[in-house]
Amino acid sequence: MNGLIFRVVDAFPEPDYAALAGEAFADFAPSPLLVDVLAAEATTSPVKPKTDGDGALRIGVFRGQALVAWTYARREGAQHLHMGNSGVALGERRSGVYSELVRRVIDHATSLRYTAIHSRHVAGNNAVIIAKLKLGFFVSGFEYSEVYGPLVRLTYLPGKLRQSLYRTRSSPIRQALHTDAPPPA
């Protein structure tokens, strides 16, 4: 990660951001049927203004002046932060850049006392899911998206007390009640 600069920005620089997003999501190919569904809905659905809302966080990673990675997170409700999207240039992958971006989001969320960080990932995005699991995220659900298909929902709890509660609630009941008792036959 030598020579990389991580910086909070108000907006990602164009056209670098559009090019990097295209590269990061190059293996996503929308189906023709999805295009038809979205086009039909565009003519009947009310237009909603796009706003970042209070609490948006954008971190860009630069090599010189070139944007080589980013992450975007926004407030979700009063106490949660949602990591909406991230991307890393192909030449910068597998060098810890994404993990460092996530650590910085965790630090941000902790400093502002958010109680949880959430994200959703395409079920086959193993590199990102594994990176987040290694940083303390856990699988908190599954859902279906017409755009992306099956999604894995991940959650990180910044507070030690909430982490402890999660570990207690997610451990097997037998283990929590009878740590030294053998399982029933």
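See the structure above.
These numbers come from a predicted model, not from an experiment. (Residues numbered from 1 in each chain as written. Predicted model: local features only at pLDDT ≥ 70, side-chain atom pairs only at ≥ 80, totals over all residues. Heavy atoms only, no water.)

*Asks:* Now, about the overall build of the protein: what can you tell me, with residues and values included?
*Replies:* In terms of helices and strands, the protein carries 6 helices and 7 strands. The order of α-helices and β-strands along the protein, N terminus first, is β-α-α-β-β-β-α-β-α-β-β-α-α. In the protein, which comprises 185 residues, the share counted as buried stands at 35%. For the protein, restricting intrachain contacts to residue pairs at least 6 apart in sequence, the fraction spanning at least 24 positions comes to 60%. For the protein, the exposed surface amounts to about 12000 Å²; the carbon and sulfur share of it is 57%. (Helix = DSSP H or I, 4+ residues; strand = E, 2+ residues; numbered from the N terminus. Buried < 20%, exposed > 50% of the residue type's maximum accessible area, 1.4 Å probe, protein only. Contact = heavy atoms within 4.5 Å. Areas by Shrake-Rupley, 256 points an atom, 1.4 Å probe, with all protein chains shown as cover.)

*Asks:* Can you explain the packing of aromatic side chains? Please cite residues and give values.
*Replies:* Scanning all chains against the criterion turns up 6 aromatic pairs. Ring centres 6.4 Å apart and planes at 65 degrees place the aromatic pair Phe12 and Trp70 in the edge-to-face group. Highlighted residues: Phe12 in the loop between β1 (4-8) and α1 (16-24) and Trp70 in strand β3 (residues 66-76), separated in sequence by 58 residues. Summarising the burial analysis for this pair, Phe12 and Trp70 share the class buried. Between Phe137 and Tyr156 the ring centres are 5.3 Å apart and the planes differ by 45 degrees, which places this aromatic pair in the tilted class. Placement of Phe137 in the loop between α4 (126-134) and β6 (138-145) and of Tyr156 in strand β7 (residues 149-156) is noted, with a sequence separation of 19 residues between them. When its relative accessible area of 12% is taken as the criterion, Tyr156 is described as buried. (Phe/Tyr/Trp six-rings, centres within 6.5 Å; stacked < 30°, edge-to-face > 60°.)

*Asks:* I'd like a rundown of α4, residues and numbers included.
*Replies:* Listing the buried residues of α4 in full gives Val128, Ile129, Ala131 and Lys132. Down the axis of α4, the buried side of the element spans an arc of 160 degrees, and every buried residue falls inside it. In this structure, the buried side of α4 is in contact with β4 (80-88), α3 (97-111), β5 (116-122) and β7. Note on α4: the residue one or two positions beyond its end, Gly136, has a positive phi of about 105 degrees. (Arc of directions from axis to C-beta.)

*Asks:* Describe in detail the layout of surface pockets, supporting the description with residues and values.
*Replies:* As a volume, the largest pocket reaches approximately 1700 Å³. If you go around the largest pocket, you meet 44 residues; those closest to its centre are Phe25, Gly84, Asn85, Ser86 and Asn125. Among the secondary structure elements, those contributing two or more residues to the lining of the largest pocket are α1, β3, β4, α3, β5 and α4. A breakdown of the residues in the lining of the largest pocket according to their chemical character gives 18 nonpolar, 14 polar and 12 charged. (1 Å grid on protein atoms, 1.4 Å probe; cavity = no way out; pocket = protein on both sides within 12 Å on 5 of 7 lines; lining within 4 Å. Points joined across faces, edges and corners; volume = space filled by probe spheres on them. Nonpolar A, V, L, I, M, F, W, Y, C, P; charged D, E, K, R; others polar.)

*Asks:* Give me unusual backbone geometry: which residues, what numbers.
*Replies:* Residues other than glycine predominantly adopt negative phi, and peptide bonds predominantly adopt the trans conformation. Cis peptide bonds are those with omega within 30 degrees of zero, and the linkage from Glu14 to Pro15 qualifies with 5 degrees. At Arg113, a position not held by glycine, the phi torsion is positive, near 60 degrees. When you line up the elements, Arg113 lands in the loop between α3 and β5.

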